[in-house]
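Each chain, letter by letter, is given below.
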Amino acid sequence: MADTKREIERKYEATAETRLPDLTGVAGVSAVTHHGVTELDAVYYDTADLRLAADSLTLRRRTGGADEGWHLKLPVAPGVRDEIRAPLADALPHSLAGLLRSRVRGADVLPVVRLLSARDVHHLLDEDGAFLAELSVDEVLAERLTEHGRGTTAAWTEIEVELADDGDPAFLDAVEKRLRKAGVRPSASASKLARALTDTDPAQRRRTPEKKRAKPEGERAKPEKKRTKRERTQPSPTAGDHVLAYVRAQAEAVIAYDPAVRRDLPDSVHQMRVATRRLRSAFKTYRKILDRTVTDPVGDELKWLASELGVDRDHEVLAERLHARVADLPRTLLLGPVRSRLRLWSVARRTSSRHRIVAVLDGERYLALLNSLDALLADPPLLPAAAREPGDALPRAVLKEYERLATRVGHALAQLPGENRDVAMHEARKAAKRARYAGEAARPALGKPAKRFTKRMKAVQKVLGDHQDSVLARDALRDLAIQSHAAGETAFTWGLLYGQEQAAATDRERELPDIWARAAEPGVRSALKS
């Protein structure tokens, strides 16, 4: 069974001669207690081509210390990682293997580095004896275990300060200030593994036989080297370059959100689903730049993945909406076991959708999709238009999506209230998303006009999205009313909520003409062409 710990820490360079300053002067620190030296033996694992390290993930099997076992560290922010732990075992636990699947695919996970550390541990305590942070001085010996560089070793000393659970990260700033005054500087490496891989790489050692002398603080840096003629004559990014950069970012997002979805982290399913939709939209919008004979099959698989993710995400949004509606009602209008029935309905559907999405991520079809995205980016199917200037090719594609949206909004507004209008509004919503994503992809090239366009399309998407949410909510409320009636309960409250949702949909329909009028202002579109 795995458990998770949020790790907030900072690392500093040190030598055997480094002496720790008195840290009792740091705000909030009343005592520093010494807890002796612990011997740690950790083997780090990765693929042969170091895919995990490339994405700043670390996987290790460590003995020694109070937390020996398997540890997987996933980056959250600079200096912040989620450490997922599993009990010590010879083989990689299944609970961790699944979290690596989107990056590892079918490759073997092998030992790459062994680290032997002598950890001298100190605890920083407040006036009540409460634990604030752990400071350790680590003497590290690294040995390369890969075919490339096998047996190469490196040694160093570093200081590590790890914040207590639920501690204030600002406390680490105060500790760092004291360390800096004592001449201790932040480490150039983000992790022990990153340093070990660099320092035991034979090619790297040949390039840098001696470490450069560190500049004393305040020493004037040399003027920046002038750019070479070749650098000055590098071609400007083309339309194809910008589209591929957007596609690559979304493909990386799908992979990055995979572990978060498996861990059921908030908003993770939504973000992964958005990345799949952005990819698919980019393929459709920029079909003059990327060959559709290559992108269409990938787009079909992205549509499949988005629909699978949608089962969980749509229920999440719907459940939040219904719970909020119930919470806003006066108690006198909650007739029957409304809260308990809604809770049971929500849990049952949630459990089913969770099992389904994890099965999808564990399936071969999903891995095939990830591999097809890798292949597409490795050999982009660029058409002749990809070589054109961004200011020429991108606005045309974006404005074509706008025209498509304008047609669908006009059609929706022409419908009478009812099912036909609901369907037309939903189709317009999908077009608004594509227009918004088209603007997002073009923004690095077109700047503020694309930003303004995207903002207006997002506003249209929001009002249409709220309308669609009300349609789904009414369907769910009708089902809940039927269940209540069949169980001999009153369906009054569900009918009341149904009426509220119907009124909310009418309000969105009334808002749409004004929202669209602002989005359709000629200046919003003409700025893209200039």
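Let us look at the structure shown here. Just so we're clear, the structure is a prediction, and the values are computed from it rather than from any experiment. (Residues numbered from 1 in each chain as written. Predicted model: local features only at pLDDT ≥ 70, side-chain atom pairs only at ≥ 80, totals over all residues. Heavy atoms only, no water.)

1. So, the sheet that holds strand β6 (residues 110-125)
- Strand order around the closed barrel formed by eight strands is β1-β5-β4-β3-β2-β6-β7-β8, with antiparallel pairing between neighbours. Geometrically, the sheet is characterised by an average inter-axis angle of 35° between neighbouring strands, direction not taken into account.
- Of the pairings in the sheet, the one linking strand β2 (residues 31-46) to β6 comprises 14 bridges and is antiparallel in character. From the neighbouring strand, E39 faces β6, where its bridge partner is A118.
- Contacting β1 (3-14), β6, β7 (131-144) and β8 (153-163), helix α3 (residues 170-181) crosses the sheet at an angle of about 15° to β1. (Pairing = 2+ DSSP bridges. Helix = DSSP H or I, 4+ residues; strand = E, 2+ residues; numbered from the N terminus. Axes fitted to C-alpha atoms, helices over the stretch in contact; angles between N-to-C directions. Contact = heavy atoms within 4.5 Å.)

2. Things to note about the packing of aromatic side chains
- Within the structure shown, the criterion is met by two aromatic pairs.
- Taking the centre distance of 5.1 Å and the plane angle of 45° together, the rings of Y45 and W70 count as tilted. Here Y45 is found in strand β2, whereas its partner W70 is found in strand β4 (residues 69-77), with 25 residues between them in sequence. Of the two residues, Y45 and W70, neither departs from the other in class, the shared state being buried.
- Between the aromatic rings of Y402 and W516, the centroid separation amounts to 5.5 Å while the plane-to-plane angle is 15°, which identifies the pairing as stacked. Of this pair, Y402 sits in helix α12 (residues 390-414) while W516 sits in helix α15 (residues 492-519), and the two are 114 residues apart along the sequence. Residues Y402 and W516 agree in their burial class; the two are buried. (Phe/Tyr/Trp six-rings, centres within 6.5 Å; stacked < 30°, edge-to-face > 60°. Buried < 20%, exposed > 50% of the residue type's maximum accessible area, 1.4 Å probe, protein only.)

3. Side note on a positive patch on the surface
- Taken together, the side chains of R443, K448, K451 and K455 define a basic patch exposed on the protein surface.
- Mapped onto the elements, R443 comes out in helix α13 (residues 419-446). (Patch = residues over 30% accessible without salt bridge, like charges linked within 9 Å, V, L, I, M, F, W, Y side chains within 5 Å. Areas by Shrake-Rupley, 256 points an atom, 1.4 Å probe, with all protein chains shown as cover. Salt bridge = Lys/Arg side-chain N within 4 Å of Asp/Glu carboxyl O. Lys, Arg positive; Asp, Glu negative; His and termini not counted. Charge placed at Lys NZ, Arg CZ, Asp CG, Glu CD.)

4. Looking at the environment of R119
- By the secondary structure assignment, R119 is in strand β6.
- Relative accessible area serves as the criterion here: at 11%, R119 is assigned to the buried category.
- It is 9.5 Å that separates the C-alpha atoms of R119 and I159, two residues lying 40 residues apart in sequence.
- In this structure the side chain of R119 is engaged in a polar contact, spanning 2.9 Å, whose partner is the side chain of D138. (Polar contact = N/O pair within 3.5 Å; in protein donor to acceptor, adjacent residues only side chain to side chain.)

5. What to know about the packing of helix α7 (residues 239-262) against helix α8 (residues 268-285)
- Between α7 and α8, the shortest axis-to-axis distance is 8 Å and the interhelical angle comes to 155°. As far as their axial angle goes, α8 and α7 are roughly antiparallel. Read as a crossing pair, α7 and α8 show a hand that is left-handed. Counting all contacts with α7, which are made through Y246, V247, Q250, A251, A253, V254, Y257, D258, A260 and V261, the residues of α8 involved are S268, V269, Q271, M272, A275, T276, R278, L279, A282 and F283.
- Taken together, the residues of the contact of α7 with α8 break down into 14 nonpolar, four polar and two charged. (Parallel < 35°, antiparallel > 145°, perpendicular 65-115°, else oblique. Left-handed = near helix turned anticlockwise from the far one by under 90°. Nonpolar A, V, L, I, M, F, W, Y, C, P; charged D, E, K, R; others polar.)

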